[in-house]
There are 2 protein chains.
Amino acid sequence: MSAHPRLSLNQATIKYAPFHEALRLTVAGGYESIGLWREPVAAVGLDEAARRLADSGLRVSSLCRGGFFTLPEGAERRAAIDENRRAIDETAALAAAGAPGSAAVLVLVAGGIPAGSTDLAGARARVADALAELAPDAASAGVTLAIEPLHPMYASDRAVVSTLEQALDLAEPFDAAAVGVVVDTFHIWWDPEAFAQIARAGASGRIASYQVCDWATPLPADVLLARHYPGDGVIDFAAFTEAVEAAGYTGDIEVEIFNQGIWDAPWPEVVERTAASFDRVVAPHLAASVTA
Amino acid sequence: MSAHPRLSLNQATIKYAPFHEALRLTVAGGYESIGLWREPVAAVGLDEAARRLADSGLRVSSLCRGGFFTLPEGAERRAAIDENRRAIDETAALAAAGAPGSAAVLVLVAGGIPAGSTDLAGARARVADALAELAPDAASAGVTLAIEPLHPMYASDRAVVSTLEQALDLAEPFDAAAVGVVVDTFHIWWDPEAFAQIARAGASGRIASYQVCDWATPLPADVLLARHYPGDGVIDFAAFTEAVEAAGYTGDIEVEIFNQGIWDAPWPEVVERTAASFDRVVAPHLAASVTA
């Protein structure tokens, strides 16, 4: 089997596959790159995960995820900041173990409004504070913190960063090598400002990751699991992919799908369908040049 | 019973109450104003509805709803435009029948992306085209078309207008008396640009309606029914109400809640709880001056 040379399988797409199996399936599917998650890495241990990744010959395109630092000052906030420092170190270790062209990118999901609060503005301000604390650590580890704006339907309980514009406003006080953004079609497809902000992100070298999956309705009962294969919904992947290309992004492109039906399907089938959907609706809009 | 003099009960909050009963409950609850929907008005007939409204002594704060004009040119689009012309006439007739201070405001929900299409930009452009067709009719009828940006989770299947900024961009080619916007906390609470855009809307006299209800998670299986009494969720009603006041809006304020549990509760209880929640979290942030 083969897959586009810039396609990366985010391992959440085959969520129930153990770490070793995810690597094996990704290689068997002809992919050159994988996006990793902290929990399955922790399940085998960082050293073992790094060794297996090196053996696989795959690039790593990102590590999911840091963030969740919207709490006010106190022990829980300190624990969250410390956890992010560990995630930065893990990102550096995994990128070093991955094949050449690996990206030391830690995806950040900001976190929601603390329970019982209506202070969205305060929660957002604390995201900026957390970035100011963590950016020096990221810079010294050679890691890029990638702020991911999440769809506004997650703004209360998961991520108070809701638009690419807001993510860029948060990133710009810092060096672009230390703090960038994630462009994820699922989260920003609806935004009238999306294309202008993709161009802005490109101009300042802030696109740390490009992730693709589709939006379709009706939404499932759990809206976290509303993602679909590219091409199975309403998103214009031609427009988004051409915009990200025009913005100068040349890295791996992750397909990251949270969908119970896809999680329950046989993993090799999911790996193959992911590559096929990418070939059909994303790849035709990429320039010939590739990362590897 | 009494209710704040600027509070209007959107009749969708007691969705299953027949038209006459909705008027009676609103009066009995001490309200001075009601927001009407076309379907229950049609169920009794426009003339009868206008007569009953006049007898009730209530103001009408808006009529829901026109719009749904994102289809490409053809018979279905023509039917939608014609339907909007009828809705404009109904808005004028009901506002004339309501007590002094009634608002001839037709709320517009744009409509979604046509089935099978990924052309969000095209659907949005057709909203602008429809406004250009309808604005002269609205102006000559003395009606304000109020573009309602809906939460981005509805962008694919219900409303391609997703932000207040976008609604204002659509409205501004037209006279403010003919085309304005709805500020609905449920739809825009997450938007980092919301307060700047409320100020912009006020400066150009475009706030045609202010609607309040709350956002809470987890979302229900049907995300259309995710609305709550003000104060039962995460929205900062102090900030929004003060912003709308500062923007110069002096009209009625509707509580519009789609929530199966609230729809299933006894109507007098819902009417009373609506007024109590408004008194608790919205009214303290209103200036002393009132509409009537």
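The structure contained in this document is the topic of the report that follows. (Residues numbered from 1 in each chain as written. Chains lettered and ligands numbered in written order. Predicted model: local features only at pLDDT ≥ 70, side-chain atom pairs only at ≥ 80, totals over all residues. Heavy atoms only, no water.)

Overview of the overall build of chain A
Stage number 1. Looking only at helices and strands, chain A has 11 helices and 10 strands in total.
Stage number 2. The C-alpha atoms of chain A give a radius of gyration of 18 Å, which matches the 19 Å a tight globule of 292 residues would have.
Stage number 3. Taken over the C-alpha atoms alone, chain A extends approximately 50 × 40 × 40 Å along its principal axes.
Stage number 4. Looking at chain A as a whole, 58% of its 292 residues qualify as buried. (Helix = DSSP H or I, 4+ residues; strand = E, 2+ residues; numbered from the N terminus. Rg over C-alpha atoms; globule rule 2.2 N^0.38 Å. Buried < 20%, exposed > 50% of the residue type's maximum accessible area, 1.4 Å probe, protein only.)

Concerning the sheet that holds strand β5 (residues 144–147) of chain B
Residue and element names in this part refer to chain B.
Stage number 1. On the basis of which strands lie adjacent, the closed barrel formed by eight strands has the order β1-β2-β3-β4-β5-β6-β7-β10 and parallel pairing. Across the sheet, the axes of successive neighbouring strands diverge by a mean angle of 30°, strand direction being ignored.
Stage number 2. Pairing between strand β3 (residues 59–67) and strand β4 (residues 105–109): four bridges, direction parallel. Its bridge partner lying in β4, Leu63 is registered against Leu106.
Stage number 3. The strands that helix α1 (residues 19–28) touches are β1 (7–10) and β2 (33–37); relative to β2, the one it contacts most, it runs at about 160°.
Stage number 4. Its contacts with the sheet put helix α6 (residues 164–171) on β5 and β6 (179–184), and the angle it makes with β6 is roughly 170°. (Pairing = 2+ DSSP bridges. Axes fitted to C-alpha atoms, helices over the stretch in contact; angles between N-to-C directions. Contact = heavy atoms within 4.5 Å.)

Some points on empty space enclosed by the protein
Stage number 1. For the structure on display, the rule yields three cavities of 30 Å³ or more.
Stage number 2. In this model, the largest cavity occupies a volume close to 90 Å³.
Stage number 3. Considering only residue class, the lining of the largest cavity consists of three nonpolar, two polar and six charged. (1 Å grid on protein atoms, 1.4 Å probe; cavity = no way out; pocket = protein on both sides within 12 Å on 5 of 7 lines; lining within 4 Å. Points joined across faces, edges and corners; volume = space filled by probe spheres on them. Nonpolar A, V, L, I, M, F, W, Y, C, P; charged D, E, K, R; others polar.)

A few points about the interface of chain A and chain B
Stage number 1. The partner chain B presents 29 residues to the 29 residues of chain A that form the contact.
Stage number 2. Overall, the association of chain A and chain B removes approximately 2200 Å² of surface from exposure, summing both partners, and the carbon and sulfur fraction of that is 64%.
Stage number 3. For chain A, the biggest contributors to the area lost against chain B are Thr118(A), Trp189(A) and Trp190(A); these three give 21% of the whole.
Stage number 4. Where chain A packs against chain B, one counts zero salt bridges. (Buried area = accessible area lost by both parts, 1.4 Å probe. Salt bridge = Lys/Arg side-chain N within 4 Å of Asp/Glu carboxyl O.)

Looking at the packing of helix α3 (residues 46–56) of chain A against helix α4 (residues 75–97) of chain A
All names here are of chain A.
Stage number 1. Following both chains from N to C, one finds α3 and α4 inclined at 25°, their axes separated by 8 Å at the closest point. Our classification of the angle between α3 and α4 gives roughly parallel. For the pair α3 and α4, the sense of crossing is right-handed. Residues Leu46, Ala49, Ala50, Leu53 and Ala54 of α3 lie in contact with α4, whose contacting residues are Glu90, Ala93, Leu94 and Ala97.
Stage number 2. For the contact of α3 with α4, the residue count by class is eight nonpolar, no polar and one charged. (Parallel < 35°, antiparallel > 145°, perpendicular 65-115°, else oblique. Left-handed = near helix turned anticlockwise from the far one by under 90°.)

Focus: the nonpolar core
Stage number 1. Formed by 194 residues in total, the largest nonpolar core has its most connected members in Met153(A), Trp189(A), Ile198(A), Met153(B), Trp189(B) and Ile198(B).
Stage number 2. Other than its neighbours up to four places away in sequence, Met153(A) contacts Phe186(A), Trp215(A), Leu219(A), Val223(A), His151(B), Met153(B), Trp215(B) and Leu219(B). (Core = buried A, V, L, I, M, F, W, Y, C linked by side-chain atoms within 4.5 Å.)

Focus on the packing of aromatic side chains
By convention here, two paired aromatic rings are described through the distance between centres and the angle between planes.
All names here are of chain A.
Stage number 1. Across all of its chains, the model carries 13 aromatic pairs over all chains by this definition.
Stage number 2. Between Tyr16 and Trp263 the ring centres are 5.9 Å apart and the planes differ by 65°, which places this aromatic pair in the edge-to-face class. Of this pair, Tyr16 sits in the loop between β1 (7–10) and α1 (19–28) while Trp263 is found in helix α10 (residues 260–263), placing the two residues 247 residues apart along the sequence.
Stage number 3. Judged by centre distance (5.3 Å) and plane angle (40°), the ring pair of Phe186 and Trp215 falls under tilted. (Phe/Tyr/Trp six-rings, centres within 6.5 Å; stacked < 30°, edge-to-face > 60°.)

Considerations on unusual backbone geometry
All names here are of chain A.
Stage number 1. A cis amide bond links Cys64 to the next residue, Arg65, at an omega of -5°.
Stage number 2. In this structure, Arg65 sits in strand β3 (residues 59–67).
Stage number 3. Positive phi is not limited to glycine here, since Phe68 has a value of about 50°.
Stage number 4. Here Phe68 shows up in the loop between β3 and α4.

A few points about the pairing of strand β2 (residues 33–37) of chain A
All names here are of chain A.
Stage number 1. Counting buried positions along β2 gives five out of five residues, so the element sits mostly inside the fold.
Stage number 2. Two strands pair when backbone bridges link them, and β1 and β2 are joined in this way by three bridges, in the parallel orientation. Across the sheet, Ser8 pairs through a bridge with Ser33, a residue of β2.

Let's talk about the pairing of β1(B)
The side chains of a regular strand alternate, residue by residue, between the two faces of the sheet.
All names here are of chain B.
Stage number 1. Residues Leu7 and Leu9 point to one face of β1 and Ser8 and Asn10 to the other, with burial holding for every one of them.
Stage number 2. For β1 and strand β10 (residues 253–255), the ladder comprises three bridges, and the chain directions are parallel. Bridge pairing in β10 places Leu7 opposite Ile253.
Stage number 3. Note on the crossover from β1 through α1 to β2: the handedness is right-handed. (Right-handed = clockwise from strand over helix to strand, strands pointing away.)

Section: the relation of the copies chain A and chain B
Stage number 1. In screw terms, the move from chain A to chain B is a rotation of 180° and a rise of 0.0 Å along the axis, fitting with an RMSD of 0.0 Å. What the superposition gives is, in effect, a two-fold axis relating one chain to the other. Considering only C-alpha atoms, the part of chain A nearest the rotation axis is Ala221(A), at 2.1 Å.
Stage number 2. Mapped onto chain B, 100% of the interface residues of chain A again fall at the interface, so both copies present the same surface. (Least-squares fit on C-alpha atoms with pLDDT ≥ 70 in both.)

Things to note about helix α3 (residues 46–56) of chain B
Residue and element names in this part refer to chain B.
Stage number 1. Among all positions in α3, only Ala49, Ala50 and Leu53 are buried. Take α3 and look down its axis: the buried residues cluster within an arc of 100°, on one side only. Exposed and facing more than 90 degrees away from the buried side of α3 are Asp47 and Asp55.
Stage number 2. Of the surrounding secondary structure, the elements contacted by the buried residues of α3 are α1, β2, α2 (38–44), β3 and α4 (75–97).
Stage number 3. Looking one or two residues past α3, Gly57 carries a phi angle of roughly 80°, positive in sign. (Arc of directions from axis to C-beta.)

A word on the environment of Thr144(B)
Residue and element names in this part refer to chain B.
Stage number 1. In this fold, Thr144 is placed in strand β5.
Stage number 2. Here Thr144 falls in the buried class, since its relative accessible area comes to 15%.
Stage number 3. Separated by 56 residues in sequence, Thr144 and Arg200 have C-alpha atoms that sit 18 Å apart.
Stage number 4. Thr144 has contacts with Ala104, Val105, Leu106, Ala176, Ala177, Ala178, Val179, Gly180 and Ala208, leaving out every residue within four places of it along the chain.

Overview of the side chain of Thr91(A)
Residues and elements named next belong to chain A.
Stage number 1. Among the structural elements, Thr91 can be located in helix α4.
Stage number 2. According to the relative accessible area criterion, Thr91 is buried, its value standing at 2%.
Stage number 3. Among the polar contacts made by the side chain of Thr91, one reaches the main-chain carbonyl oxygen of Ala87 at a distance of 2.7 Å.
Stage number 4. Once residues within four sequence positions are removed from consideration, Thr91 is found in contact with Leu63, Ala104, Val105, Leu106 and Val143. (Polar contact = N/O pair within 3.5 Å; in protein donor to acceptor, adjacent residues only side chain to side chain.)

Remember that the coordinates give geometry; whether it matters functionally is a separate question.
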